[in-house]
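The lines below spell out each chain.
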Amino acid sequence: MRHGSIPGVRGRVRPLTLLGDPVLGAPCAEVTDFGPALSRLVEDLFATMYEARGVGLAANQVGESLRVFVYDCPDDEDVRHLGHVVNPRLVETGGVSVRGPEGCLSLPGLEAGTERYDHAVVEGFTVTGEPVTVHGTGFFARCLQHECDHLQGRLYTDHLTGWRRRRALRRAAKAPWNRTNRTDQGVS
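Residues numbered from 1 in each chain as written. Predicted model: local features only at pLDDT ≥ 70, side-chain atom pairs only at ≥ 80, totals over all residues. Heavy atoms only, no water.

Identification of the protein chain as Peptide deformylase from Streptomyces kebangsaanensis is taken from an unreviewed UniProt entry. The UniProt entry for the protein chain carries the following comment under Catalytic activity (unreviewed entry): "N-terminal N-formyl-L-methionyl-[peptide] + H2O = N-terminal L-methionyl-[peptide] + formate". The record held by UniProt for the protein chain lists under Function (unreviewed entry) the comment "Removes the formyl group from the N-terminal Met of newly synthesized proteins. Requires at least a dipeptide for an efficient rate of reaction. N-terminal L-methionine is a prerequisite for activity but the enzyme has broad specificity at other positions." (UniProt positions renumbered as here; feature names shortened; annotations may be inferred.)

**A word on the UniProt feature "binding site: Fe cation" (unreviewed entry) in the protein chain**
In the numbering used here, UniProt assigns the "binding site: Fe cation" (unreviewed entry) feature to C104, H146 and H150. With the annotated positions falling across 47 residues, the maximum pairwise C-alpha distance of 10.1 Å places them together in a single cluster. Along the chain, C104 falls in the loop between β3 (80-103) and β4 (111-125). With relative accessibility at 9%, the residue C104 sits in the buried group. Within the secondary structure layout, H150 lies in helix α2 (residues 138-151). Filtering out sequence-adjacent residues up to four positions away, H150 remains in contact with L24, C28, A58, N60, Q61, C104 and L155. (Helix = DSSP H or I, 4+ residues; strand = E, 2+ residues; numbered from the N terminus. Buried < 20%, exposed > 50% of the residue type's maximum accessible area, 1.4 Å probe, protein only. Contact = heavy atoms within 4.5 Å.)

**Digging into the sheet that holds strand β5 (residues 131-137)**
The strand order β1-β2-β3-β4-β5 describes an open sheet built from 5 strands, whose pairing is antiparallel. Strands with a single pairing partner mark the edges of an open sheet, and in this sheet they are β1 (56-58) and β5. Strand-to-strand twist in this sheet, taken as the mean axis angle between neighbours without regard to direction, amounts to 30°. Bridging between β4 and β5 involves 7 bridges; their strand directions are antiparallel. Of the residues in β5, the one forming a bridge with V122 is V134. (Pairing = 2+ DSSP bridges. Axes fitted to C-alpha atoms, helices over the stretch in contact; angles between N-to-C directions.)

**Topic: the UniProt feature "active site" (unreviewed entry) in the protein chain**
Per the UniProt record, the feature "active site" (unreviewed entry) sits at E147. Relative accessible area serves as the criterion here: at 3%, E147 is assigned to the buried category. Residue contacts for E147: discarding those within four places in its chain leaves G56, L57, A58, Q61 and F69.

**Brief notes about the side chain of T48**
Within the secondary structure, T48 is located in helix α1 (residues 36-51). Excluding its chain neighbours within four sequence positions, the residues that come into contact with T48 are R12, V13, R14, L16, L57 and V62.

Right under this line is the structure:
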């Protein structure tokens, strides 16, 4: 029998914020209240991430400008990493810089080859205020860097240059979910 709760079971699925929403482009605020509202937010983040079939989700991706993210992500050896970090700081990156496909729940259906280090260390806190350090390699390191970027107001497209950046932004502009493609709440 499993002890403890399964993340997200008590959470509610929230609407995702999409490219163009101002909350995605601004740095998030530090969490100062480690009370029940924070626990509910983490549960909601897990529920929303699972519903959207993601491997990580930052609070600003559901419209909350707070420094919190959740993850349920494998590394390159297919080892599952599951957890959350409050007030995370990316304290170390290194190893080899690898260009790999990267997507984002705030840019649904799109991805681009993005360079990330294959090793990352994040320090922060749990919802109860306990210190936590998370080490990631491979795909999980990419996830940790991606989520920390979100909390700084950056998207993976901000790491792209030249034709890769132009192509990604052109595809985003043409995507059916893009607000600039809508007229009178219908898709044009």
